[in-house]
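Below, each chain spelled out in residue letters.
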Amino acid sequence: MNYSSENRLKKQNPQTQYPQPPFPRQPQERPGTVEDMTPRPDHGEESYKGNNRLEGRKALITGGDSGIGRAAAIAFAREGADVAINYLPEEEANAKQVIKLIEAEGRTAVAIPGDIIKEEFCEELVATAVEKMGGLDILVNNAGRQTAQKFITDITTEQFDNTFKVNVYALFWITRAAMPHLKEGASIINTASIQSFDPSANLLDYAQTKACIVSFTKSLAAQVADKGIRVNAVAPGPFWTPLQPSGGQPQDKIEEFGSSTLLKRPGQPVECAPVYVLLASQEASYITGETMGLSGGTMPF
Ligand code: NAD
Ligand code: MG
């Protein structure tokens, strides 16, 4: 498939714009890599065209090596922002590709590997991003952990704890550390999920964390509105990222991934990018405390 910007932006039927299921089974070890995905995901490497909407801004994106975070990182750089990305040390190869793409736009790129399951690292992460970029205007809390299990009795306390630590605690720790650095015009964007509103049977722990993120987003937006800071969430439906084949869904679900949406296919990470750019930019001056659905027509509201 042709992933050029001409192809992405031309008028066409969105159902057939990107690959549709069935997809091959493709188990990967967590956290997964972009290279092992068939078909190849589109994060905007060749297909995202920027328009200077984030000129001079400084952004920190967690989970910036792959998937939705990678698409946001590429788009932010093309819109004129400096970008710091966080990822797990074992994701260095994917992260290097993103760093190269940010630098190719003439922007500052900062790579900060580390496990956000630890409070101390979350504080270091923010401090390093602020120091290396000389400030912070945009925080994208996007890293996430998802492990499908059929029954509640299959969910160990360790899994439950890890899911909450990465998806809920780290988001709190990172945002709390970032707050003193954020000034008027700053924007916080949290990646929630359709699971926040329509929890699946096999994602009992994950779906709870995603509901927490919507609640956190609303409370925090109310806290910081008077400081001139906006806080929003994005709620994706099925997106074609390493999270899913590396334990996020069983392999029979990967084969049909995205087929139940109105668009009959999963979203490609680049299809999230315009929404993250909008929420980060001053174009979204009247948008705060909101959750924007990106579910191919499956959101239950
Ligand atoms: P992804 O695997 O590409 O990204 C998730 C990232 O989270 C990883 O790249 C990794 O860097 C990071 N991460 C996980 N555990 C970490 C830890 N302990 N420390 C530091 N980083 C850690 O997959 P994605 O789908 O792009 O995921 C991004 C976000 O989107 C997640 O919050 C996920 O829950 C959410 N989401 C995804 C989908 C989907 O269908 N793919 C749907 C709804 C929401
Ligand atoms: Mg990754």
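Structure: above.
These remarks concern the structure in this document.

About the criteria used
Residues numbered from 1 in each chain as written. Chains lettered and ligands numbered in written order. Predicted model: local features only at pLDDT ≥ 70, side-chain atom pairs only at ≥ 80, totals over all residues. Heavy atoms only, no water. Near = heavy atom within 4 Å. Polar contact = N/O pair within 3.5 Å; in protein donor to acceptor, adjacent residues only side chain to side chain. Areas by Shrake-Rupley, 256 points an atom, 1.4 Å probe, with all protein chains shown as cover. Helix = DSSP H or I, 4+ residues; strand = E, 2+ residues; numbered from the N terminus. Nonpolar A, V, L, I, M, F, W, Y, C, P; charged D, E, K, R; others polar. Donors = N, O, S within 2.8 Å, 3.2 Å for Na, K, Ca; no water. Buried < 20%, exposed > 50% of the residue type's maximum accessible area, 1.4 Å probe, protein only. Contact = heavy atoms within 4.5 Å.

Turning next to the site of ligand 1. Neighbouring residues of ligand 1: 30 residues in total, closest Ser 66, Glu 91, Asp 115, Tyr 206 and Thr 241. Thr 241 places a side-chain nitrogen or oxygen 2.6 Å from an oxygen atom of ligand 1. Summarising the interface, the protein chains cover 97% of the accessible area of ligand 1, which totals 810 Å² for the free molecule. When residues of the shell around ligand 1 are traced back to their parent elements, those giving at least two are helix 2 (67-78), strand 2 (82-87) and helix 6 (204-224). In terms of residue class, the shell around ligand 1 is built from 14 nonpolar, 12 polar and 4 charged.

Let us look at the coordination of the magnesium ion (ligand 2). For the magnesium ion (ligand 2), the full set of protein donor atoms is Asp 65 (OD), Ser 66 (OG) and Glu 91 (OE), at a range of 2.2 Å. Sequence positions of the donors to the magnesium ion (ligand 2) reduce to the motif D-S-x24-E. Within this pair, whereas Ser 66 is found in the loop between strand 1 (58-62) and helix 2, its partner Glu 91 is found in the loop between strand 2 and helix 3 (92-104), the two being separated by 25 residues in sequence. Each member of the pair Ser 66 and Glu 91 is classed as buried.

For the rest of this paragraph, the subject is the side chain of Gln 26. Residue position: Gln 26 is located in the loop between helix 1 (5-9) and strand 1. Residue Gln 26 is classed as buried on the basis of its relative accessible area, which comes to 7%. Within the structure, Gln 26 has its side chain in polar contact with the backbone oxygen of Pro 24 (distance 3.0 Å). Here the side chain of Gln 26 touches Thr 38 through a polar contact of 2.7 Å, landing on its backbone oxygen. With near-sequence residues (within four places) excluded, Gln 26 lies in contact with Asp 36, Met 37, Thr 38, Trp 240, Pro 245, Gln 251 and Ile 254.

Nothing here speaks to function; it is geometry throughout.
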